[in-house]
Amino acid sequence: MTNRKGNEDSTRNTVGVGEGMVLVPEMGFGGRFGVTLGYHRLLCHRSFKLPKWLEYFFVYCGAHAFQRDPMFYVNTHRNHHKYSDTNRDPIVIASHGFWYCNMGWLFNNDHVAKQCGELRGGEYSKVPELKAQWFYRFLHYTYFWHPTALATLVYLHGGFPYLAWAMGMRGVVVHQFASLVTYVSHVWGDRPWNSPDTSTNNWWVAMLSLGEGWHNNHHAFPRSARHGFEDWQFDLTWELIKFLELVGLATDVQLPTEAHKRRMESCWANSKLKIESKVEQKEP
């Protein structure tokens, strides 16, 4: 009897671990699309529009991806673009180092605010349209209760194996894949666009981050809903946006025209020439 009971417990634990492992990609994709499509391309850059109910759905999925609440994320990200690769960039690796860019910025409101020229943490001066909406204020003030509630439900449903895989392992994987864009795609990769920063296109980061790794494309044309401009630059988030547009849910989808691309190339080339001219004039 004892051996039979032990075998049953072992089998139950094995099944629980297996089912918990299955939840990692299932819940992980929901959270990642919530960040890449909801937080980033929709809220940060207004690359397209969705009905409010669908916007809130994707954003709420993103709230379970361990990237903080929308107001904090969007405010920080907009400052990253405004001050990209300068001392005022809140998440640049050159100024803060690897660990801060990986996780530290998520927990240091006052430092991020000071870097961005705000008077105090929680001012969120770059997101007035989010502060005006009850849903985003609610998520901001109650943020930590939402993953806590999800963790509780997961534990009650499947016990510790579900909790360890669906929350613990999923959290690690989702956060690390998101963070790859912050540091890898500002250090290693190709630069087809001469944007005034260190952003790069990195194909393997793009594969792991649902298309966010085409980061030089993104910094060159931040309002574009599509980050993988070439046919071979796979961008899974863009594929989902295309589907939503096809069925009439996504509207006002922003894409750079060829004329816009040529104009920006010319602008960056002129800026580079001016900088080089000033340097030459200062040299004895």
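All of these numbers come straight from a predicted model, not from anything done at the bench.

Enquirer: Could you give an account of the overall build of the protein chain, naming the residues involved and the relevant values?
Expert: For the protein chain, the helix and strand inventory stands at 13 helices and zero strands. Helices and strands in the protein chain line up, N terminus first, as α-α-α-α-α-α-α-α-α-α-α-α-α. A total of 284 residues make up the protein chain; the buried ones form 47% of that total. The contacts in the protein chain between residues at least 6 apart in sequence include a share of 65% that link residues at least 24 apart.

Enquirer: Can you break down the pattern of salt bridges residue by residue, with the values?
Expert: Inspection of the entire model under this criterion finds eight salt bridges. Note that lysine 52 and glutamate 55 form a salt bridge whose closest N and O atoms lie 3.3 Å from each other. Here glutamate 55 and lysine 52 lie together in helix α2 (residues 52-62), a separation of three residues that amounts to about one turn. In this structure glutamate 55 comes out as buried when scored by relative accessible area, which is 3%. When the shortest N-O distance is used, the salt bridge between aspartate 197 and arginine 191 registers 3.8 Å. For arginine 191, a relative accessible area of 35% translates into the label partly exposed.

Enquirer: Pulling in residues and values, what's your account of empty space enclosed by the protein?
Expert: This structure, assessed with the given rule, holds two cavities of 30 Å³ or more. Quantified by volume, the largest cavity comes out at close to 280 Å³. Lining the largest cavity are 18 residues; nearest its centre among them are Tyr73, His77, Ala178, Val181 and Thr182.

Enquirer: Outline helix α12 (residues 236-246), listing residues and values.
Expert: Think of an α-helix as 3.6 residues a turn; residues three or four steps apart then line up on the same face. Turning to α12, its buried residues are Thr237, Trp238, Ile241 and Leu244. Looking down the long axis of α12, one finds its buried residues gathered within 115 degrees of arc, a one-sided arrangement. With its phi angle positive at about 85 degrees, glycine 248 sits one or two positions after the end of α12.

Definitions and cut-offs
Residues numbered from 1 in each chain as written. Predicted model: local features only at pLDDT ≥ 70, side-chain atom pairs only at ≥ 80, totals over all residues. Heavy atoms only, no water. Helix = DSSP H or I, 4+ residues; strand = E, 2+ residues; numbered from the N terminus. Buried < 20%, exposed > 50% of the residue type's maximum accessible area, 1.4 Å probe, protein only. Contact = heavy atoms within 4.5 Å. Salt bridge = Lys/Arg side-chain N within 4 Å of Asp/Glu carboxyl O. 1 Å grid on protein atoms, 1.4 Å probe; cavity = no way out; pocket = protein on both sides within 12 Å on 5 of 7 lines; lining within 4 Å. Points joined across faces, edges and corners; volume = space filled by probe spheres on them. Arc of directions from axis to C-beta.

Function-wise, these values are silent; they only describe arrangement.
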